[in-house]
Amino acid sequence: MQLLDGVLVSGHIKEQIKQEVIDWQAGGGKKPHLAAVLVGNNPASEAYVGSKVKHCDELGFDSTLLRLPADISEADLISEVNKLNNDDAVDGILVQLPLPDHISPDSVINAINPDKDVDGFHPISQGRMLLGQPTFLPATPYGIMLMLEYYKINTSGMHCVVIGRSNIVGTPMTILMSRNGNPGNATVTMCHSRTKNLKDFTLSADIIVAAIGRPKYVTEDMVKEGAIVIDVGINRIEDATRKSGTRLVGDVDFENVAPKCSYITPVPKGVGLMTICGLMKNTLLAAKMRAK
Ligand code: NAD
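The present account deals with the structure reproduced in this document.

What counts and how
- Residues numbered from 1 in each chain as written.
- Predicted model: local features only at pLDDT ≥ 70, side-chain atom pairs only at ≥ 80, totals over all residues.
- Heavy atoms only, no water.
- Pairing = 2+ DSSP bridges.
- Helix = DSSP H or I, 4+ residues; strand = E, 2+ residues; numbered from the N terminus.
- Axes fitted to C-alpha atoms, helices over the stretch in contact; angles between N-to-C directions.
- Buried < 20%, exposed > 50% of the residue type's maximum accessible area, 1.4 Å probe, protein only.
- Contact = heavy atoms within 4.5 Å.
- Near = heavy atom within 4 Å.
- Polar contact = N/O pair within 3.5 Å; in protein donor to acceptor, adjacent residues only side chain to side chain.
- Areas by Shrake-Rupley, 256 points an atom, 1.4 Å probe, with all protein chains shown as cover.
- Patch = residues over 30% accessible without salt bridge, like charges linked within 9 Å, V, L, I, M, F, W, Y side chains within 5 Å.
- Salt bridge = Lys/Arg side-chain N within 4 Å of Asp/Glu carboxyl O.

Quick word on the sheet that holds strand S3 (residues 62–68)
Then comes step 1: On the basis of which strands lie adjacent, the open sheet formed by 3 strands has the order S3-S2-S4 and parallel pairing. In the strand order of this sheet, the two ends are held by S3 and strand S4 (92–95), each with one partner. Ignoring which end each strand starts from, the neighbouring axes of this sheet average 15° apart.
Then comes step 2: Both strand S2 (residues 33–39) and S4 contribute to a ladder of 4 bridges, which runs parallel. The residue of S4 that forms the bridge with Ala-35 is Ile-93.

A short note on the side chain of Asn-85
Then comes step 1: Structurally, Asn-85 is set in helix H3 (residues 74–86).
Then comes step 2: The exposure class assigned to Asn-85 is buried, which follows from its relative accessible area of 13%.
Then comes step 3: Every residue in contact with Asn-85, bar those within four places of it in the chain, is listed here: Ile-93, Ala-111, Ile-112, Asn-113 and Lys-116.

Observations concerning the site of the ligand
Then comes step 1: Around the ligand, a shell composed of 21 residues is seen, among which Arg-165, Ser-166, Tyr-217, Val-232 and Thr-275 lie nearest.
Then comes step 2: Within the contact set of the ligand, an oxygen atom lies 2.6 Å away from a side-chain nitrogen or oxygen of Ser-166.
Then comes step 3: A distance of 3.0 Å is found between an oxygen atom of the ligand and a backbone nitrogen or oxygen belonging to Ser-193.
Then comes step 4: In isolation the ligand exposes 860 Å². Once the protein is present, 74% of that is buried.

A word on a nonpolar patch on the surface
Then comes step 1: Nonpolar side chains collect at one region of the surface, where Met-1, Leu-3 and Phe-254 lie side by side and expose about 270 Å² of accessible area between them.
Then comes step 2: The topology assignment puts Met-1 in the segment before strand S1 (2–3).

Some remarks on the side chain of His-55
Then comes step 1: With respect to the helices and strands, the residue His-55 is situated in helix H2 (residues 43–59).
Then comes step 2: In this structure His-55 touches Lys-14, Ile-276 and Met-280, once residues within four positions along its chain are discounted.

Quick word on unusual backbone geometry
Then comes step 1: Here Leu-97 and Pro-98 are connected by a cis peptide whose omega angle stands at 0°.
Then comes step 2: Tracing the sequence through the fold places Pro-98 in the loop between S4 and helix H4 (105–111).
Then comes step 3: The residue after Asn-182, namely Pro-183, is reached through a cis peptide bond having omega 15°.
Then comes step 4: With respect to the helices and strands, Pro-183 occurs in the loop between helix H7 (170–177) and strand S6 (187–191).
Then comes step 5: Located in the positive-phi region is Lys-216, a residue other than glycine, with phi close to 50°.
Then comes step 6: Locating Lys-216 in the fold gives a position in the loop between strand S7 (207–210) and strand S8 (228–231).
Then comes step 7: Under the relative-accessibility criterion, Lys-216 is labelled partly exposed at 33%.
Then comes step 8: Despite not being glycine, Lys-269 has its phi angle at roughly 75°, a positive value.

And the structure:
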């Protein structure tokens, strides 16, 4: 079993991005600038946005963190997004999800200028991805593809089972994995909450991508010998042995599944770090495209 090591791969990619920013600035380009919008104070969202801003500093990007109250109206939030759309200094905009229940995430995402849509969630970005046109790929699926590329895993001829059909992970993953390209060139099955006998599908998978949001849901009896397992899930469970009383686990029962795998991502230190790489690469691309 080989670990698909998010620390190693993201470290390598971040070095590349840092150098690209230096070269870009040496050629007269301006620092890429990411604006992150955080509505309310959901602790997980705070942590994700904090990490994104920290990475901007580390990689030589400018960043703006716009904190807005949880009771902001949808119209006011969209008006804030429009200000960022019209701010020439800003190259990329991300609105951290989930949003409070009274706000439609679709309406807010649709309001982002597609040229600044560095999370890759806008319908124009997703449509271009579907057609195989150059675009901002959704950050998590993009990060997973970067990881497969780093380990030179070519999925041509493989059967890939994606569990989960969200717009931000599961669905784009099925598209990227089924491209006529490298690393994504697999035969893909999408499974979801209404799939009957999930195990019948996963047992025939050469590669499983689990994006479910249920701790340790994929167990060893669901995985065939030698499979590649990509665990997207981030779930906080109770753990009395930890000072905090909790710890993070993925959607895969790592301890028992890992011995059967040829490759597997850990949680934490797996896909989460790759998501940041996808976001940063998109932001640098946005800065370069906007400069043209
Ligand atoms: P989501 O809730 O939008 O989607 C979950 C999907 O899982 C749904 O499509 C649903 O049909 C499917 N599902 C639910 N129960 C199922 C079951 N019993 N069997 C089969 N399918 C089932 O979640 P999401 O936004 O796609 O995120 C999924 C997980 O990935 C979450 O744990 C989330 O925190 C994590 N996540 C991690 C990253 C990262 O960077 N590592 C990024 C985004 C999301």
